[in-house]
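Descriptive analysis of the structure
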Amino acid sequence: MCGIIGIQNNSEAAMLAYMGLYAQQHRGQEGAGVVSSDGVNLHRHMGQGLVSDVFSDPNVFDGLTGNSAIGHVRYSTTGNSDKKNVGPLTFNMGDYYLSIAHNGNLVNIEDLRMDLQEEGALFQTSTDTEIIIHLIAREKGNNLAEKVERALQKIEGAYSLLLLSPNEIIAARDPHGIRPFCMGKLQDTVVFASETCALDLLGAEYLRDVQPGEMIVASDDGFYSKTIIAPLQSKHCIFEYIYFSRPDSKIFGKSVDKIRRQFGRKLAKESPANTGDIVISVPDSSNTCALGFSSESDIKHEIGLIRNHYVGRTFIFPSQRLRDLSVRLKFNTVKGVVKDKEVVIIDDSIVRGTTLRKLTKLIRESGAKKVHVRISSPPVRFPCFYGMDFPTVEELVAGNREVEEVEKIIDVDSLSYLSLDETLQSTSQDSGNYCTACFSGEYPIAMKGKNDQEVSTMPSCP
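Here is what the cut-offs are and how they apply
- Residues numbered from 1 in each chain as written.
- Predicted model: local features only at pLDDT ≥ 70, side-chain atom pairs only at ≥ 80, totals over all residues.
- Heavy atoms only, no water.
- Buried < 20%, exposed > 50% of the residue type's maximum accessible area, 1.4 Å probe, protein only.
- Helix = DSSP H or I, 4+ residues; strand = E, 2+ residues; numbered from the N terminus.
- Arc of directions from axis to C-beta.
- Contact = heavy atoms within 4.5 Å.
- Polar contact = N/O pair within 3.5 Å; in protein donor to acceptor, adjacent residues only side chain to side chain.
- Axes fitted to C-alpha atoms, helices over the stretch in contact; angles between N-to-C directions.
- Parallel < 35°, antiparallel > 145°, perpendicular 65-115°, else oblique.
- Left-handed = near helix turned anticlockwise from the far one by under 90°.
- Nonpolar A, V, L, I, M, F, W, Y, C, P; charged D, E, K, R; others polar.
- Pairing = 2+ DSSP bridges.
- Right-handed = clockwise from strand over helix to strand, strands pointing away.
- Salt bridge = Lys/Arg side-chain N within 4 Å of Asp/Glu carboxyl O.

**Digging into helix H5 (residues 144–152)**
Of all the positions in H5, only Leu-144, Ala-145, Val-148, Glu-149, Ala-151 and Leu-152 are classed as buried. For H5, the buried positions fall inside an angular range of 165 degrees around the axis, keeping them on one side. Those residues of H5 hidden inside the fold are in contact with strand E6 (97–106), helix H4 (129–138), strand E7 (157–165), strand E8 (168–173), strand E12 (214–219) and strand E13 (222–227).

**A look at the side chain of Ser-440**
Within the secondary structure, Ser-440 sits in helix H16 (residues 437–440). Only 3.2 Å separates the side chain of Ser-440 from the backbone nitrogen of Glu-442, close enough to count as a polar contact.

**Describing the packing of H4 against H5**
At a minimum axis separation of 8 Å, H4 and H5 run at an interaxial angle of 120 degrees. Here H4 is positioned oblique relative to H5, judged by the angle of their axes. The two elements H4 and H5 meet at a crossing, and its hand is right-handed. For the pair H4 and H5, contact is made by Ile-132, Leu-135 and Ile-136 and by Leu-144, Lys-147, Val-148, Ala-151 and Leu-152, respectively. Class assignment of the residues belonging to the contact of H4 with H5 gives a composition of 7 nonpolar, no polar and 1 charged.

**Describing helix H3 (residues 109–118)**
Among all positions of H3, only Ile-109, Leu-112, Arg-113 and Leu-116 are buried. End-on, the buried residues of H3 take up no more than an arc of 100 degrees, which puts them together on one face. Against E6 and H4 lie the buried residues of H3. Where H3 terminates, the next one or two residues include Gly-120, which has phi positive at roughly 100 degrees.

**Brief notes about the pairing of strand E17 (residues 278–281)**
Side chains Ile-278 and Ile-280 of E17 all project onto a buried face; the interleaved residues Val-279 and Ser-281 project onto the opposite face, where all are buried too. Sheet analysis places E17 next to strand E18 (residues 300–301), joined by 2 bridges and oriented parallel. Counted as the bridge partner of Ile-278 is Lys-300 from E18. Handedness of the crossover joining E17 and E18 through helix H9 (residues 287–297) is recorded here as right-handed. By the bridge criterion, 4 bridges tie E17 to strand E21 (residues 342–347) in an arrangement that is parallel. Looking across to E21, one finds that Ser-281 is bridged to Ile-346.

**Description of the pattern of salt bridges**
Under the defined criterion, the tally for this structure stands at 14 salt bridges. Between Glu-422 and Lys-266 there is a salt bridge; the shortest N-O distance is 3.2 Å. Pair noted here: Glu-422 is in helix H15 (residues 420–425) and Lys-266 is in helix H8 (residues 256–270), with a separation of 156 residues, a long-range link. Under the relative-accessibility criterion, Lys-266 is labelled buried at 16%. We note a salt bridge from Asp-411 to Arg-364, for which the minimum N-O separation is 3.6 Å. Of this pair, Asp-411 sits in the loop between helix H14 (403–409) and strand E23 (414–417) while Arg-364 is found in helix H13 (residues 354–365), placing the two residues 47 residues apart along the sequence. Among the residues examined, Asp-411 registers a relative accessible area of 44% and is labelled partly exposed. Given the relative accessible area of 26%, Arg-364 is considered partly exposed. Linked by salt bridges that have partners in common, Arg-27, Arg-179, Glu-195 and Glu-240 make up one network.

**Looking at the sheet that holds E12**
Spatially, E5-E6-E7-E8-E12-E13 is the arrangement adopted by the 6 strands of the open sheet, whose pairing is antiparallel. Two strands in the sheet have a free side with no partner beyond their single neighbour: strand E5 (89–92) and E13. In this sheet, neighbouring strand axes are inclined to one another by 20 degrees on average, regardless of whether the strands run parallel or antiparallel. With 6 bridges connecting them, E12 and E13 associate as antiparallel partners. Across the sheet, residue Ala-218 finds its bridge partner in E13, namely Phe-223. Here H5 sits on the sheet and contacts E6, E7, E8, E12 and E13; the angle it forms with E8, its principal contact strand, is near 20 degrees.

**So, the environment of Gly-49**
With respect to the helices and strands, the residue Gly-49 is situated in the loop between strand E3 (42–48) and helix H2 (51–54). Here the alpha-carbon distance between Gly-49 and Ser-431, two residues 382 residues apart in the chain, equals 37 Å. Setting aside residues up to four positions removed in sequence, Gly-49 forms contacts with Gln-29, Glu-30, Gly-31, Ala-32 and Val-54.

**Let's talk about unusual backbone geometry**
Residue Gly-87 is joined to Pro-88 through a cis peptide bond whose omega torsion reads -5 degrees. By the secondary structure assignment, Pro-88 is in the loop between strand E4 (68–74) and E5. Following Pro-283, the chain continues to Asp-284 via a peptide bond in cis, the omega torsion being 10 degrees. By the secondary structure assignment, Asp-284 is in the loop between E17 and H9. With a phi angle near 65 degrees, Asp-340 is a residue other than glycine that sits in the positive phi range. Looking at the secondary structure, you find Asp-340 in the loop between helix H12 (335–338) and E21. Notably, Asp-411 is not glycine yet its phi reads approximately 60 degrees, a positive angle.

Rendered as structure tokens:
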């Protein structure tokens, strides 16, 4: 999962791209970068870490000149966490340079990489994004847009793409529309972003989503749109609503905040915790779900966990004692709130179960009488191949276990999940428009190459 931003026709394009990345920092914390164009040359600044770390020196913007720019915050799924994999990636196309920012995951990269290597391609990175550039470089066409159109016919998977050449930005989205991708306008400036919260920060007006299978070409003269791949049934990632997107964003045509409140209300109806004294959330993605649960159940909502927002990803500590303490870097309890209470914890999901197990222990140590956990999504039982970093079935705590087994592992008095049917009904849209593979094992796009056998054992969508 990543966040991308594109700015066309603005003298402060690089600065606006940087601000757009700030708004989407939650979509990737491993690295960040901005590439700008002055109409002749591309200028790049990138690095590992948070946006604030990478752009800590304001003088870097003196070199990011031009009226157009694209930006990227990285969360690695394909390709390891390495500086050379931080986007936007930039390549020499012979007559000009081309930069690319990509959110998603391709599923046929093994075959494509093998074919390209046999043709003599040399790869600078381990990302699937670079494969797209190699395909574009080999295509024939009267202009870049024609080459991009032909290259995208050969890739499969989830992708929201931004390409920056010296004089235009090209945006494109996969035919299933798996990842969110929107378009806005700030006076004469065209803006592309993964989420509408970036448009809000910039003061840009939301125009519409980039449509599945669509390519939009924007230059200083305006923009035009073309359907380059026939759109297929929408398969929007349901996990974007559950966890990944910011609650103040509008994605797939719906408010994330409203959907999450609905998750909480349905969870309270489906899996009540009648003896609970207070409802608390695991901040921040569960906050609005907890409000919905509290409202529906009439159990008082309290702030029982405090999150340290200055802690990013934490490294693996060398001793078990330090690993047990690591959760305290991010969370602490409000002891006066949870002491002598039956606590109902609302969380958005359980992946490996490690953090929730430690949080349960922390809450018990703070004096809670009982701990009940309610999850505002179904059990995560299958890996994701479209851009979420979900591990193998064996690593997923619910992969091959029943609810009662997970309940014991995380040491809670009760555990319940929101059913898949109620999760889908919360969206108020056709349930067939969402990818639920991580819950159901029904993959809308089959994996190719070395993963064929693994996926073929799972049911597939019609």
